[in-house]
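Chain residues, written in single-letter form:
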Amino acid sequence: MTVRIERRAVLSGAAAVITVAALGLQTGKPTKGADRSPRKHVVEIKNFAFVPSNLNVKIGDVITWINRDIAPHTATTTDRSWDSGTIKKDKSHRVAVTAEMAGSYFCRFHPHMRATLEVSAIPH
């Protein structure tokens, strides 16, 4: 018995495999061993509030606080182990997340402004 395979069928099959592989790469789904780069997070300070008021981050992620208010603000941990310093209008403060930053923080100038950082101990 002789099996005859047409060139057209082989090429069509190869094209189908390549198309499926390319589509799989475009899904954006992480794969095992995928890039573990630090994620970037933004906290806006506006209307005398931190937005978002609760943020889940990992050690090594980068957070940028941007002051959209006319008044100066800070981001200061409740136990004062970390403090951004004064962030003036239209200025920002960027920092890489450490375990010490976990928990509540507030603005030293406006103590009613409060937010929470939930920090995962698993670094990127």
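Residues numbered from 1 in each chain as written. Predicted model: local features only at pLDDT ≥ 70, side-chain atom pairs only at ≥ 80, totals over all residues. Heavy atoms only, no water.

This next bit is on the pattern of salt bridges. What the rule picks out here adds up to three salt bridges. A salt bridge links arginine 68 to glutamate 44; its shortest N-O distance comes to 2.9 Å. With a gap of 24 residues between them, arginine 68 in the loop between strand S4 (62–67) and strand S5 (76–77) and glutamate 44 in strand S1 (residues 40–46) connect regions that are remote in the sequence. When salt bridges that share partners are traced, they join Glu44, Lys46 and Arg68 into one network. (Salt bridge = Lys/Arg side-chain N within 4 Å of Asp/Glu carboxyl O. Helix = DSSP H or I, 4+ residues; strand = E, 2+ residues; numbered from the N terminus.)

To continue, consider the packing of aromatic side chains. Scanning the model with the defined rule gives three aromatic pairs in all. Here the aromatic rings of phenylalanine 50 and tyrosine 105 are separated by 4.8 Å at their centres, their planes lie at 65°, and the arrangement is edge-to-face. With a gap of 55 residues between them, phenylalanine 50 in strand S2 (residues 49–51) and tyrosine 105 in strand S7 (residues 103–106) connect regions that are remote in the sequence. Given the relative accessible area of 4%, phenylalanine 50 is considered buried. Tyrosine 105 sits in the buried class, given a relative accessible area of 2%. For the ring pair tryptophan 65 and tyrosine 105, a centre distance of 5.7 Å and an interplane angle of 85° mean the geometry is edge-to-face. On the criterion of sequence distance, the pair formed by tryptophan 65 in strand S4 and tyrosine 105 in strand S7 is long-range, its members being 40 residues apart. One aromatic cluster in this structure is built from Phe50, Trp65, Trp82 and Tyr105. The ring of phenylalanine 109 has arginine 108 lying over it, and the distance from NZ or CZ to the ring centre is 5.5 Å. (Phe/Tyr/Trp six-rings, centres within 6.5 Å; stacked < 30°, edge-to-face > 60°. Buried < 20%, exposed > 50% of the residue type's maximum accessible area, 1.4 Å probe, protein only. Lys NZ or Arg CZ within 6 Å of the ring centre and 35° of its normal.)

The subject of this paragraph is the pairing of strand S3 (residues 54–58). The alternating pattern of S3 places Leu55 and Val57 on a buried face, while none of Asn54, Asn56 and Lys58, on the opposite face, is buried. In this structure, S3 lies alongside strand S8 (residues 114–120), joined through five bridges in parallel fashion. Among the inter-strand pairings, asparagine 54 is bridged to a residue of S8, identified as threonine 116. (Pairing = 2+ DSSP bridges.)

A cis amide bond links valine 51 to the next residue, proline 52, at an omega of 5°. Along the chain, the position of proline 52 falls in the loop between S2 and S3. Non-glycine residue asparagine 47 carries a positive phi angle of around 55°. Mapped onto the elements of the fold, asparagine 47 is located in the loop between S1 and S2. Judged by relative accessible area, which is 68%, asparagine 47 ranks as exposed. Residues other than glycine seldom take positive phi values, yet aspartate 90 does so here, at roughly 60°. Residue placement: aspartate 90 occurs in the loop between S5 and strand S6 (92–96).

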